[in-house]
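# Overview (structure and organization)
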Amino acid sequence: MRILRYIRLQNSTHIYLLGIFMLFWAIFDGILAYLSPLIITEHGLTKTSMGLLIGSSSVFGALFDMAAAKMLPNTRYRRIFIVMFLLCLAYPFVLYNARVVGVYIAAMAMWGIYYDLKNFGLYNFVGTHIKAKDHVASFGIVQALQGAGYVIAPVIAGIAVAETITWVPFSYALFFLFLAFICFVVLSAQMPAPTQKDLSTKKQAAVSFRTLFSINKIIFPGLLLTFMLYVIDAFFWTIGPLLTEIFSGKHSELILAAYTFPALVVGWVVGKITTHVGKKKTAFMSLLLGSLLLMSFVFVAYDFLLTLGVVFFAGIFFSLSMPAVNGVYADVIKENSNHEKEVEVLTDFYTNLGYVFGPAAAGFIADTMGIAAALSVVGFIGFCTAIILILITPLHITIPREL
């Protein structure tokens, strides 16, 4: 059993403690992700403005990515996480008291930066304290527990939010941030001091724009799929909390939970599916089928249980598509490891691009066509994207040794 293999990892106690740390942190972040569109629109801004503001967090995240390459090469995970916690602590207070666009932008900058710091700290810890052969299994444990946090968060936030948003859900978020901090303190106390070898870093060659452009053309089908999946994800997190306008009196937060839950279980079977079907076919067909289901949202939105079912099964397909396309990237890198950095830069760029475009488009379409229609529209776009990808993608995607 794969789970039993995880348990036998060296330093498995530390990995599980890190995973619990990420679980509590994800509940904190997920509650605030649920509250952000609600509090922005409650304060009088349009859904379009709300989407643009939320999308700006990814712009700040992308800018910070570029700055971090020079700022963080020799910085240990303890310092990274401490700065993250400080920004996390400030963010709820800034967001709750924001009334003007400038303050909202400052809040979004905090959000985008602390999320990136979380990723940097996580990679630094695993890279420093876990053997290379256990990296994949370690990330699997941490990501599963983090995913569980994002399933729990909207349920807690939805129950805490009544007719208007008070400080109560924010206090819940801070409580889980405190639990995450306790886990971090315990984890830090257990880890040995870094050696000189741990602190040393490999000097990486600069990534040229010409090489990036060349590789972008080669792996563009995968990058377009990544972009589309994150656009869909952004649609759910941007306007999902606003579904209370449609399902008044119902637990609308369960719709976000239904969307996020499949990721917790699909990861255990996607490997077997791609072995029989193929990675690209699994990725593209899953996007197509998930988008086809999402297209029906505007027609099923009159029935809460039917809506839950549609979102849940669409979430299953989207959860299959993401690891499948990541497997394609891994295959490309394995064939030509000289361009691993470029592939990582491009996937990060298209991920951020999806989270910039997605919230802005979600807010605008929700304003002009309605919330239910917005989810159907992004389903239609995803369906068309999948058809195009099936038609244009070559059988083999390979980066030449020389570009």
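Residues numbered from 1 in each chain as written. Predicted model: local features only at pLDDT ≥ 70, side-chain atom pairs only at ≥ 80, totals over all residues. Heavy atoms only, no water.

### Focus on the nonpolar core
- Counting 119 residues, the largest nonpolar core has Phe21, Trp25 and Phe235 as its most contacted members.
- When residues in this core are grouped by element, the largest group, 19 residues, is from helix H2 (residues 12–42).
- With residues near it in sequence (within four places) discarded, Phe235 still touches Gly240, Gly358, Ala361, Ala362, Ile365, Ala374, Leu375 and Val378. (Core = buried A, V, L, I, M, F, W, Y, C linked by side-chain atoms within 4.5 Å. Buried < 20%, exposed > 50% of the residue type's maximum accessible area, 1.4 Å probe, protein only. Helix = DSSP H or I, 4+ residues; strand = E, 2+ residues; numbered from the N terminus. Contact = heavy atoms within 4.5 Å.)

### A closer look at the pattern of salt bridges
- A full pass over the atoms with the stated rule returns one salt bridge.
- Residue Asp331 is joined to Lys279 by a salt bridge in which the shortest nitrogen-to-oxygen separation is 3.1 Å. With a gap of 52 residues between them, Asp331 in helix H16 (residues 304–335) and Lys279 in helix H14 (residues 279–295) connect regions that are remote in the sequence.
- With a relative accessible area of 30%, Lys279 lands in the partly exposed category. (Salt bridge = Lys/Arg side-chain N within 4 Å of Asp/Glu carboxyl O.)

### Some details on a nonpolar patch on the surface
- Together, Phe261, Val265, Trp268, Val269, Ile273 and Val277 make up a nonpolar patch on the protein surface, roughly 460 Å² of accessible area in all.
- Structurally, Trp268 is set in the loop between helix H12 (262–266) and helix H13 (270–277). (Patch = residues over 30% accessible without salt bridge, like charges linked within 9 Å, V, L, I, M, F, W, Y side chains within 5 Å. Areas by Shrake-Rupley, 256 points an atom, 1.4 Å probe, with all protein chains shown as cover.)

### Some words on the packing of helix H10 (residues 220–239) against helix H17 (residues 340–369)
- The contact between H10 and H17 brings their axes to 7 Å, and the two run at 40°. Between H10 and H17, the angle is such that the two are oblique. For the pair H10 and H17, the sense of crossing is right-handed.
- Across the contact of H10 with H17, the residue classes tally to 18 nonpolar, six polar and one charged. (Axes fitted to C-alpha atoms, helices over the stretch in contact; angles between N-to-C directions. Parallel < 35°, antiparallel > 145°, perpendicular 65-115°, else oblique. Left-handed = near helix turned anticlockwise from the far one by under 90°. Nonpolar A, V, L, I, M, F, W, Y, C, P; charged D, E, K, R; others polar.)

### A closer look at the packing of aromatic side chains
- Summed over the entire model, instances satisfying the criterion amount to 29 aromatic pairs.
- A centroid spacing of 5.8 Å and a plane angle of 65° characterise the contact between Tyr91 and Tyr114, whose relative ring orientation is edge-to-face. Placement of the pair is Tyr91 in helix H4 (residues 77–97) and Tyr114 in helix H5 (residues 101–129), with a sequence separation of 23 residues.
- Both rings, one in Tyr150 and one in Trp237, keep their centres 6.0 Å apart while their planes meet at 75°; by these two values the pair is edge-to-face. One end of the pair, Tyr150, is in helix H6 (residues 135–160); the other, Trp237, is in helix H10, with 87 residues separating them in the sequence. Grouping residues by exposure puts Tyr150 and Trp237 together as buried.
- Here the aromatic residues Phe21, Tyr77, Phe81, Phe85, Phe125, Phe181 and Phe184 are joined through ring pairs into a cluster of three or more. (Phe/Tyr/Trp six-rings, centres within 6.5 Å; stacked < 30°, edge-to-face > 60°.)

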